[in-house]
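What follows is the residue order along each chain.
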Amino acid sequence: MTGLLDDGVEQDPGTMSMWDCTAAVARTCIAQQQGGTAEPGPGPAPVEVRVDLRVNRASYEFLREALRSGAGSPLRLCCRDLRAEDLPMRNTVALLQLLDAGCLRRVDLRFNNLGLRGLSVIIPHVARFQRLASLRLHYVHGDSRQPSVDGEDNFRYFLAQMGRFTCLRELSMGSSLLSGRLDQLLSTLQSPLESLELAFCALLPEDLRFLARSPHAVHLKKLDLSGNDLSGSQLEPFQGLLQAAAATLLHLELTECQLADAQLLAVLPVLTRCARLRYLGLYGNPLSMAGLKELLRDSVAQAELRTVVHPFPVDCYEGLPWPPPASVLLEASINEEKFARVEAELHQLLLASGRAHVVWTTDIYGRLAADYFSL
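Numbers given for residues are sequential positions, taken from 1 along each chain in its written order. Restriction of local features to residues with pLDDT of at least 70 applies here, the model being predicted, together with a cutoff of 80 or more for giving and counting side-chain atom pairs; totals for whole chains, interfaces and linings are based on all residues. Processing note: side-chain calculations cover all non-hydrogen atoms of the structure and skip hydrogens and water entirely.

Participant: An account of the pairing of strand β3 (residues 106-110) is needed here, citing residue identities and associated values.
Facilitator: Across a regular strand the side chains alternate sides, sitting on one face of the sheet and then on the other. Three labels apply to residues, based on accessible area from a 1.4 Å probe with only protein chains included: buried if under 20% of the type maximum, exposed if over 50%, partly exposed otherwise in between. Numbering of helices and strands runs from the N terminus; a helix is a DSSP stretch of H or I covering at least four residues, while a strand is a stretch of E covering at least two. β3 sits mainly inside the fold: five of its five residues count as buried. Of the two faces of β3, both are covered, the one formed by R106, D108 and R110 as well as the one formed by V107 and L109. Any two strands with at least two DSSP bridges between them are considered paired. Bridge count for strand β2 (residues 75-85) against β3 is five bridges, and the pairing is parallel. Residue E85 lies in a different strand from β3, and its bridge partner there is R110.

Participant: Can you tell me about the packing of aromatic side chains, naming the residues and giving the values?
Facilitator: By convention, a stacked pair of Phe, Tyr or Trp rings (six-membered ring in the case of Trp) has centres within 6.5 Å and planes under 30 degrees apart, an edge-to-face pair has planes over 60 apart, and any other such pair is tilted. Within this structure, the stated rule accounts for four aromatic pairs. Seen from their ring centres, Y283 and F312 are 6.3 Å apart, and the 70° between their planes marks the pair as edge-to-face. Pair noted here: Y283 is in the loop between β9 (279-281) and α10 (289-298) and F312 is in the loop between β10 (307-309) and α11 (326-331), with a separation of 29 residues, a long-range link. Residue classification places Y283 among the buried positions, given a relative accessible area of 13%. Through a chain of ring-to-ring contacts, three or more aromatic side chains come together here, namely Y283, F312 and F339. Ring-over charges, as used throughout, are those where CZ of Arg or NZ of Lys falls within 6 Å of the ring centre and within 35 degrees of the ring normal. Here the guanidinium or amino end of R105 rests over the ring plane of F373, the centre of that ring lying 3.7 Å away.

Participant: Describe helix α3 (residues 89-98), and please don't skip the residues or the numbers.
Facilitator: Those residues of α3 that fall on the buried side of the exposure criterion are N91, T92, V93, A94, L95 and L96. Lining the buried residues of α3 we find β1 (47-55), α2 (60-68), β2, β3 and α4 (115-127). Residues count as neighbours in contact if any of their non-hydrogen atoms are within 4.5 Å of one another.

Participant: Explain helix α5 (residues 149-162) to me, and be specific about the residues and the numbers.
Facilitator: In a helix, the anticipated span is given by 1.5 Å times the number of residues less one. Between its terminal C-alpha atoms α5 stretches 20 Å, which fits the 20 Å expected from 14 residues at 1.5 Å a residue. Here α5 has its buried residues at G151, N154, F155, F158, L159, Q161 and M162. Take α5 and look down its axis: the buried residues cluster within an arc of 165°, on one side only. Exposed positions of α5 whose direction lies more than 90 degrees from the buried face are V149, D150 and R156. Taken together, the buried residues of α5 touch α4, β4 (134-138), β5 (170-172) and α6 (182-187). The arc under discussion is defined with respect to the helix axis, by the directions toward the C-beta atoms.

Participant: Would you mind going over the nonpolar core in detail, with residue names and values included?
Facilitator: Grouping buried Ala, Val, Leu, Ile, Met, Phe, Trp, Tyr and Cys residues that are joined through side-chain atoms within 4.5 Å yields what is termed a nonpolar core. If you look at the biggest cluster of nonpolar residues, it comprises 109 residues, and the most contacted ones within it are L135, M162, L171, L185 and L186. Those residues in contact with L185 that lie beyond four places of it in its chain are F158, L159, M162, L171, M173 and L178.

Participant: Which residues make up the environment of E194, and what values go with them?
Facilitator: Its location among the elements puts E194 in the loop between α6 and β6 (195-197). Linking E194 and S134, residues 60 residues apart in sequence, is a C-alpha distance of 10.0 Å. Excluding its chain neighbours within four sequence positions, the residues that come into contact with E194 are R169, H219, L220, K221, K222 and Y372. In terms of polar contacts, E194 uses its side chain to reach the side chain of Y372, at 2.6 Å. As used in this structure description, the phrase polar contact means that two N or O atoms lie within 3.5 Å; if the pair is within protein, one of them must be able to donate a hydrogen and the other to accept it, and residues adjacent in sequence are counted only when both atoms belong to side chains.

Participant: Hey, could you go over the state of the cysteines for me, with residue numbers and the actual values?
Facilitator: Here, the term disulfide refers to a pair of cysteine sulfur atoms separated by no more than 2.5 Å. Inspection of the entire model under this criterion finds one disulfide. Each disulfide pairs two cysteine sulfurs, and for C78 the partner residue is C103, the sulfurs being separated by 1.8 Å. A torsion of -110° about the S-S bond marks the disulfide between C78 and C103 as left-handed. Placement of C78 in strand β2 and of C103 in the loop between α3 and β3 is noted, with a sequence separation of 25 residues between them. Of the residues examined, C78 reaches a relative accessible area of 3% and is grouped as buried. Just so you know, C274 is unpaired, no disulfide at all, and the nearest cysteine sulfur is the one on C257, 15 Å from it. Taking the relative accessible area as the measure of exposure, C274 reaches 0% and is therefore buried.

These results come straight from atomic positions and should not be treated as a statement about function.
In structure tokens, the structure reads:
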């Protein structure tokens, strides 16, 4: 019972949601344990139920009960991917202690507001999963820049635990402030990453330069730098990073990176060298129709490109301040007639270039980021 297409926005209509699946499996395990009758002699081997579990405060208690009863139940839960949202630290630790270390390939913790102190408590419990390939820490709000002694000690302990992973291939640290500390984080890892998400991490030019020179760059299939300002001194090191990752990169997310036409045109020569690129996300950037047309023309060289999520062109807004903050681009109303003309023109350009199969869209939610395991 794995691989359900359910991320909170898009769900496979042919299956139950991950929330419902987690609840149903947990309750079934508990019922089997409570309804069983003891018989003399060794019992039958339990049925192993391989499942992706998605848990929050509402489902925590019965999921913990199901995991605790597994030893004596005809059904034994074997979790492949764990996604825990908005759980207190002690509950997250309790679940991690109950999971089978031989099954787990992903831990996804989000909206838990752990901070560095919470991460330093949880990370040793995660590090015992030696087969873990994906660690996703969304909105845990770790701030590596904390000047206090405790903050520095917590960060160093977190780094030491990260060095225990031997199979890690995907790391997501979205909304953790890593300014000037990315080298310390990535240098601790034993193997190169293939997927790296650093959205809203307040990266500095030296962070991007380090990543470009690191062993990770030449293995990256997926890179997310959303929410980092790439328009100024970060632009040149970002170009170097793209150059280093060009041979392997399949998925590039640059939402809200303050890329206007001038920056896009500067990046295009190296961007188009990413010949295997399938997905490009540019939503929330202040691009004009002219900039989008340049991107469309130059992307002809990228034969594997299938999806471009682009912003509403600045031409379609009325009275924008310049440069427009991302919040304005995301919230201001657009001129629907102007945008309809833009869509028609982009469609005609795609037809003329023989690439009608490439999706150009502003629907950031309908074109969700590819999962690392599906790349």
